[in-house]
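Structural features, examined
Take a look at the letters that make up each chain.
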Amino acid sequence: MKSKGSTKENRMKCPRCDGAMVFERFQATMEVFYAWRCVNCGEIMDPVVAKNRELDRAQKKKAVGE
Ligand SMILES: [Zn+2]
């Protein structure tokens, strides 16, 4: 599974099953929000959580590099 030059594509992979994720609108009790949903296993990933996770990983990577 090699993806050539697809790094710029705005695609999300499921952290659980590596499946394709779609950006969907969800309706909570009082609010509407958008999140990533895995079409394979149904995992829901909040974009805010995903961003924090990315940040966390980047910081750790940097710390290890130094
Ligand atoms: Zn999944």
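Data block above holds the structure.
I will try to describe carefully the structure that is included in this document. Note that the coordinates shown come from a computational prediction; the quantities given were computed from them, not determined experimentally.

What follows concerns the overall build of the protein. A count of helices and strands for the protein gives 1 helix and 3 strands. The N-to-C order of helical and strand elements in the protein reads β-β-β-α. Residues counted as buried form 5% of the 66 residues belonging to the protein. Nonlocal contacts in the protein, meaning residues at least 24 apart in sequence, comprise 20% of its contacts between residues at least 6 apart.

Side-chain positions along a regular strand alternate between the two faces of the sheet. As paired strands, strand 1 (residues 21-27) and strand 2 (residues 32-38) are joined by 7 bridges and run antiparallel to one another. Its bridge partner being in strand 2, M21 is matched across the sheet by C38. Pairing between strand 2 and strand 3 (residues 44-45): 2 bridges, direction antiparallel. Its bridge partner being in strand 3, R37 is matched across the sheet by I44. Linking strand 2 to strand 3, which pair antiparallel, is a turn of 5 residues; within it G42 sits at a positive phi near 85°.

Attention shifts here to the sheet that holds strand 3. Within a sheet, adjacent strands bond to each other through the backbone by hydrogen bonds, running parallel or antiparallel. With respect to topology, 3 strands assemble into an open sheet ordered 1-2-3, the strand pairing being antiparallel. Unpaired on one side and paired on the other, strand 1 and strand 3 mark the two borders of the sheet.

About the criteria used
- Residues numbered from 1 in each chain as written.
- Predicted model: local features only at pLDDT ≥ 70, side-chain atom pairs only at ≥ 80, totals over all residues.
- Helix = DSSP H or I, 4+ residues; strand = E, 2+ residues; numbered from the N terminus.
- Buried ≥ 20, exposed ≤ 12 C-beta atoms within 10 Å, placed from the backbone.
- Contact = placed C-beta atoms within 7 Å.
- Pairing = 2+ DSSP bridges.

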